[in-house]
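# Overview (structure and organization)
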Amino acid sequence: MGLIHIYCGDGKGKTSAAIGLAVRAAGSGMNVLFARFLKNEFSGELKILDEVPRIRVLHLEKSYGFFQTLSEEEQKEVRKMYAELWNLISEEISKGSWDVLVIDEFMAAYRYGLIEHDEALRFLREKPDHLEVVLTGRDPDQALVELADYVSEIRKVKHPFDRGIRARKGIEY
């Protein structure tokens, strides 16, 4: 029986938790589909995930900055690109060969309307029974929390960014 996980909160480690579950699943013989919204393609974990048998990462052709800082034209491009990604995810899952689906930064994509809300909720309600789904991001919508079987909140107590220390390669990305 596949369940729905949400890793949320303002703390560091949501993606790391999702990647840990993906690696554990692959190591146990499960097939994992890994997709990311609103993150760049230069994160170190993607290089490693690409080498892990049984994990397929859906890569994007282009990376953008924070959605709210993009121009209208860039936001339009992002919406098109992520609509195509969502369609690819749905298509792949319909094939029935995936045991785990990880969608990193799902909450932000949902919040910004990059994933149509009714469509996302329908997808989660009607997912294949065996499919384990892992969603990450800040501030999950209440409807998503109610659908989920696991909700783990990672709370920031202290973070170097608050002191002006920028993200570091190999540590934060």
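Residues numbered from 1 in each chain as written. Predicted model: local features only at pLDDT ≥ 70, side-chain atom pairs only at ≥ 80, totals over all residues. Heavy atoms only, no water.

On to the sheet that holds strand β4 (residues 100-104). As summarised here, the arrangement of the six strands in space is β3-β2-β4-β5-β1-β6, forming an open sheet in which the pairing is parallel. Looking along the sheet, the strands with just one partner apiece sit at the ends: β3 (55-58) and β6 (150-153). Across the sheet, the axes of successive neighbouring strands diverge by a mean angle of 15°, strand direction being ignored. Sheet topology places strand β1 (residues 4-8) next to strand β5 (residues 132-136); four bridges connect them, and they run parallel. Across the sheet, residue tyrosine 7 finds its bridge partner in β5, namely threonine 136. (Pairing = 2+ DSSP bridges. Helix = DSSP H or I, 4+ residues; strand = E, 2+ residues; numbered from the N terminus. Axes fitted to C-alpha atoms, helices over the stretch in contact; angles between N-to-C directions.)

Within β5, five of the five residues are buried, which leaves it mostly tucked inside the rest of the structure. Burial along β5 is two-sided: the residues Glu132, Val134 and Thr136 and Val133 and Leu135 are all buried. Of the strand pairs in this sheet, β4 and β5 are connected by four bridges, and their pairing is parallel. Across the sheet, valine 100 pairs through a bridge with glutamate 132, a residue of β5. (Buried < 20%, exposed > 50% of the residue type's maximum accessible area, 1.4 Å probe, protein only.)

With that settled, the discussion passes to helix α5 (residues 117-125). The set of residues buried in α5 consists of Ala120, Leu121, Phe123 and Leu124. Along the long axis of α5, the arc covered by the buried residues comes to 160°, so they all point the same way. The elements touched by buried residues of α5 are β1, α3 (72-94), β4, α4 (106-111), β5 and α6 (142-147). With a side-chain oxygen positioned 3.1 Å from the backbone nitrogen of aspartate 118, the residue opening α5 is glutamate 116. (Arc of directions from axis to C-beta. Contact = heavy atoms within 4.5 Å. Polar contact = N/O pair within 3.5 Å; in protein donor to acceptor, adjacent residues only side chain to side chain.)

Formed by 38 residues in total, the largest nonpolar core has its most connected members in Phe37, Tyr82, Trp86, Ile89, Phe106 and Leu135. Of all the elements in the fold, those that place two or more residues in this core are β1, β2 (32-36), α3, β4, α4, α5 and β5. The dominant element in this core, judged by the number of residues it contributes, is α3, at seven residues. Excluding its chain neighbours within four sequence positions, the residues that come into contact with isoleucine 89 are Leu33, Ala35, Phe37, Leu58, Leu101, Ile103 and Phe123. Core analysis: the second largest hydrophobic core is formed by 17 residues, Val32, Leu46, Val52 and Val134 among them. (Core = buried A, V, L, I, M, F, W, Y, C linked by side-chain atoms within 4.5 Å.)

With that settled, the discussion passes to the environment of serine 63. Note on placement: serine 63 falls in the loop between β3 and α3. In sequence terms serine 63 and isoleucine 89 are 26 residues apart; their C-alpha atoms lie 18 Å from each other. The residues touching serine 63, leaving out its near neighbours within four places in the chain, are Lys39, Asn40, Glu41 and Phe42. Polar side-chain contacts of serine 63 include one of 2.9 Å to the backbone nitrogen of glutamate 41.

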